[in-house]
Amino acid sequence: MSATRSLRLASRPTGRVRPENFEIREEPLPEPGDGEFRVKLEYVSLDPAMRGWLSAARSYVPPVEIGEVMRAFSCGTVEASNNPDFPVGQAVAGRFGVRHHAISDGTGVLKVDTNLAPLPRWVGGLGMPGWTAYFGLLEVGRPKEGETVVVSAASGAVGSLVGQIAKLKGCRVVGIAGGPRKCAYVTDELGFDACVDYKTGSLADDLRTACPDGIDVYFENVGGEILDIVLDQMNDFGRIPFCGMISAMNATEPQPGPYNFRKILTSRLTVRGFIVFDFADRIPEALDALGRWHGEGRLKMREDIREGGLEAFADTLNELYSGGNNGKLVLAL
Ligand SMILES: NC(=O)c1ccc[n+]([C@@H]2O[C@H](COP(=O)([O-])OP(=O)(O)OC[C@H]3O[C@@H](n4cnc5c(N)ncnc54)[C@H](OP(=O)(O)O)[C@@H]3O)[C@@H](O)[C@H]2O)c1
């Protein structure tokens, strides 16, 4: 084989991404230089943040530029190597992008053991979303035994782990998710104490019933109206790890702030935004804990693996913003 393919940004999207915002380019297969290796990529992680990376607005990372390979966490196997630390056959995960092959010198690349967990899980529960749940909950949320923890997007990659880790720490855990099937998964499979379906009934009333002692920690994944309703039920000195705002990800107009902002003052809440890479130097700690709990069968992880390759990237990514995914969304190459 002498050629490979990559997905590159062709134009900046307005609202949801469209296939025509990307170009699939055929390129010569790159050869590794001194100290480098070539990875044949098998799975690409689809993350809500990708929509943000396509925006020219100032953020925590520079935007993907027009013509650049789409940024992504992906995983695969080393197939050619001039680096003894990454021999042929080694499974790896890293920020390789949406492409079939990548060259690396190993910087920031994780060697993974597919005997411990299947390859796609290393960009899911044992990868970036898992580290986000671990640090966001334990370092930012700081839950104490007996407290009530609420998490939105509870059946998803990050939320599913937040709730399970909070259970391991002795908390009462309540999820918020869209639809009865996702809520049943959250309680019956993941072991949360309750799950509220925000798409039917009254979220405020159902949440109050599920959290009779109020809410001490709210792990925020979605923003919008759900944030306002939860704010209203926060206990004094509660903590809100502000992880994501998926409800506003495709917005084309400025979004209104929470109308319940005053509650942050009156209940003396701590609201702290964080990005998982604020904890980059502690990733081995997260890997150790997540791997141990997973190995002991105390953390369940589920991947939603989609076929279709590079051509399916845009439409599959959009599933995240309509709740079409069931677990960590991954694109098979
Ligand atoms: N700060 C960081 O470093 C960091 C790192 C990773 C992820 N994140 C954030 O964490 C959040 C979850 O990411 P993930 O990868 O775990 O995705 P995910 O939960 O696996 O998938 C996204 C889910 O969000 C829910 N959702 C979509 N639109 C919504 C809306 N308008 N209102 C309410 N819920 C909505 C859907 O679940 P339902 O069907 O239940 O609605 C959907 O399945 C995102 O906000 C993401 O940006 C942050």
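A brief structural summary. (Residues numbered from 1 in each chain as written. Predicted model: local features only at pLDDT ≥ 70, side-chain atom pairs only at ≥ 80, totals over all residues. Heavy atoms only, no water.)

**Describing the side chain of Lys182**
- The topology assignment puts Lys182 in helix H4 (residues 180–189).
- It is Asp304 that comes nearest to the buried, bridge-free Lys182 among opposite-charge side chains, at 7.8 Å.
- When near neighbours in sequence (up to four residues on either side) are disregarded, Lys182 contacts Ser155, Ala177, Gly323, Asn325 and Asn326. (Helix = DSSP H or I, 4+ residues; strand = E, 2+ residues; numbered from the N terminus. Buried < 20%, exposed > 50% of the residue type's maximum accessible area, 1.4 Å probe, protein only. Lys, Arg positive; Asp, Glu negative; His and termini not counted. Salt bridge = Lys/Arg side-chain N within 4 Å of Asp/Glu carboxyl O. Contact = heavy atoms within 4.5 Å.)

**Focus: the pairing of strand E10 (residues 194–197)**
- The alternating pattern of E10 places Ala194 and Val196 on one face and Cys195 and Asp197 on the opposite face, and all of these are buried.
- Of the pairings in the sheet, the one linking strand E9 (residues 172–177) to E10 comprises four bridges and is parallel in character. The residue bridging Ile176 from the neighbouring strand is Val196, located in E10.
- Handedness of the β-α-β unit built from E9, H4 and E10 comes out right-handed. (Pairing = 2+ DSSP bridges. Right-handed = clockwise from strand over helix to strand, strands pointing away.)

**Regarding the nonpolar core**
- Judged by nonpolar contacts, the single largest core of 74 residues is most densely connected at Phe22, Leu46, Met70, Trp131, Leu137, Ile165 and Phe313.
- Ranked by residue count, the leading element in this core is helix H2 (residues 128–141), at eight residues.
- Core analysis: the next-biggest nonpolar cluster, separate from the first, contains 21 residues, Leu207, Ile215, Val222 and Ile240 among them. (Core = buried A, V, L, I, M, F, W, Y, C linked by side-chain atoms within 4.5 Å.)

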